[in-house]
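Summary of structural features
Each chain, letter by letter, is given below.
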Amino acid sequence: MRYTNPDALVSTKWLAEHLSSPNIRMVDATSYMPGQGKDGRSQYDEQHIPGAVYFDINDIADETTPLPHMIPPPEKFASKVRKLGLGNGNKIVVYDANGGFLAAARVWWMFRLYGHTDVCLLDGGLPKWLAEERPIEDTKPAQRDRHFTSRMNNTLVRSVEQVIANIETGKEQVIDARSSGRFKGEEPEPRPSAKVGHIPGSMSLPFNSLMNPKEHFTYRSADEIKAAVDKAGIDLTKPITASCGSGVTACVLAFGLYLIGHENAAVYDGSWSEWGDHPDTPVDQGE
């Protein structure tokens, strides 16, 4: 079995060969979990792939909510990415310093959410690029605005109200990217919440089951991703909504599903950061 959408994932070799192409734009989306003691922007300032701009998921976000890095209004997204020189006619390649499993997938999903479909991930991200001793720099590219047309695709995002309603209707499968321990309510959340466990009726598919942790977190083969999906009991012929801790690794699941042909998996943006403290959300624990 081959990837249904192989163009969504590019290799370090491919990027090195296309680094100077006029329509290619590199985006460094490095971000870290609370408590890691690292800062994505500082790391970008120290070293990044030549020509890359920095996309801060905590800045290009909705500032009216206390929830972390929720999606911004379309006009804010368009304004922010335009100032980064990202827009119509660009092929956008996103990477991060964690491989491909954190904010890079989130940024890939955000561009698709706002209507820009010519976007892909760098497989293995910065770690693989550095391991192969490819060029890096510490200078920012020249500032250049580019027009970005924002057309929000609401089919790719879910609200807490929609996920609550889905518990009764069961129209969509909800899959959870967190670890098995967090899904069962046996491990604490990185962002402390009043409730632990999982959304009733949801299925556990830890994001790292789609990746090769010993190979710079590159994505597994199509057969391996399909096997993980099947093991979790997920039906690829039915609608899917992905959830996680704060809407980041849920995008890893959405990306993995996209690779094997399920192109419209939605992401519950608030995820457990919202669900775990919301007064109206039920919780299950255990398997």
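Just above, that's the structure.
Here is a short report on the structure shown in this document. Keep in mind it's a predicted model, so treat the numbers as computed, not measured.

Here the focus is the overall build of the protein chain. Assigned secondary structure in the protein chain consists of 10 helices and 12 strands. For a compact globule of 287 residues, the expected C-alpha radius of gyration is about 19 Å, and the protein chain comes in at 18 Å, within 12% of that figure. Projecting the C-alpha coordinates of the protein chain onto the three principal axes gives extents of approximately 50 × 45 × 35 Å. Each of the 287 residues in the protein chain was classed as buried or not, and the buried ones make up 53%. Counted over contacts in the protein chain with a minimum sequence separation of 6, partners at least 24 positions apart contribute 80%.

Here the focus is a negative patch on the surface. A surface patch of negative charge is lined by D39, D45, E46 and D138. Taking the relative accessible area as the measure of exposure, D138 reaches 51% and is therefore exposed.

Spatial strand order, β6-β12-β11-β7-β8: 5 strands in an open sheet with parallel pairing. Looking along the sheet, the strands with just one partner apiece sit at the ends: β6 (157–158) and β8 (203–204). Taken together, the 2 bridges between strand β11 (residues 240–243) and strand β12 (residues 266–268) define a ladder with parallel strand orientation. Across the sheet, residue T241 finds its bridge partner in β12, namely A266.

So, about the pairing of strand β7 (residues 173–176). Judged by which residues are buried, β7 turns out to be covered on both faces: Q173 and I175 on one side and V174 and D176 on the other are all buried. Looking at chain direction, β7 and β8 are connected through 2 bridges and run parallel. Bridging from a neighbouring strand, I175 pairs with M203 of β8.

With that out of the way, let us pick up the sheet that holds strand β3 (residues 53–54). Across the sheet, which stays open at both edges, the 5 strands sit in the order β1-β5-β4-β2-β3 with parallel pairing between neighbours. Among the strands making up the open sheet, the edge pair consists of β1 (9–10) and β3. Both strand β4 (residues 91–95) and strand β5 (residues 119–122) contribute to a ladder of 3 bridges, which runs parallel. If you follow I92 over to β5, its bridge partner there is V119. Contacts between helix α4 (residues 103–113) and the sheet are confined to β2 (24–28), β4 and β5, with β5 contributing the most and set at about 175° to the helix.

Among the structural elements, D28 can be located in strand β2. C-alpha of D28 to C-alpha of I49: the two residues are 21 residues apart in sequence and 8.0 Å apart in space. A distance of 3.0 Å separates a polar atom in the side chain of D28 from a polar atom in the side chain of Y95.

One side chain can pair with another of opposite charge once the charged atoms of both are near each other. Going through the model one piece at a time under the given rule, you end up with 14 salt bridges. With a shortest N-O distance of 3.4 Å, E63 and K76 are connected by a salt bridge. One end of the pair, E63, is in the loop between β3 and α3 (74–83); the other, K76, is in helix α3, with 13 residues separating them in the sequence. Judged by its relative accessible area of 61%, E63 falls in the exposed class. K76 gets classed as buried once you look at its relative accessible area, which sits at 19%. With a closest N to O distance of 3.1 Å, E287 and K184 form a salt bridge. One end of the pair, E287, is in the segment after α10 (271–275); the other, K184, is in helix α7 (residues 180–184), with 103 residues separating them in the sequence. Exposure remark for E287: the relative accessible area of 76% places this residue in the exposed category. Members of the salt-bridge network, linked through shared partners, are D176, R178, R182 and E189.

When glycine is set aside, most residues are seen to have a negative phi, and most peptide bonds are trans. Even without being a glycine, H69 presents a positive backbone phi close to 35°. Mapped onto the secondary structure, H69 falls in the loop between β3 and α3. Positive phi, normally seen in glycine, also occurs at E133, with a value near 55°. For E133, a relative accessible area of 73% puts it in the exposed group.

Criteria and thresholds
- Residues numbered from 1 in each chain as written.
- Predicted model: local features only at pLDDT ≥ 70, side-chain atom pairs only at ≥ 80, totals over all residues.
- Heavy atoms only, no water.
- Helix = DSSP H or I, 4+ residues; strand = E, 2+ residues; numbered from the N terminus.
- Rg over C-alpha atoms; globule rule 2.2 N^0.38 Å.
- Buried < 20%, exposed > 50% of the residue type's maximum accessible area, 1.4 Å probe, protein only.
- Contact = heavy atoms within 4.5 Å.
- Patch = residues over 30% accessible without salt bridge, like charges linked within 9 Å, V, L, I, M, F, W, Y side chains within 5 Å.
- Areas by Shrake-Rupley, 256 points an atom, 1.4 Å probe, with all protein chains shown as cover.
- Salt bridge = Lys/Arg side-chain N within 4 Å of Asp/Glu carboxyl O.
- Lys, Arg positive; Asp, Glu negative; His and termini not counted.
- Charge placed at Lys NZ, Arg CZ, Asp CG, Glu CD.
- Pairing = 2+ DSSP bridges.
- Axes fitted to C-alpha atoms, helices over the stretch in contact; angles between N-to-C directions.
- Polar contact = N/O pair within 3.5 Å; in protein donor to acceptor, adjacent residues only side chain to side chain.

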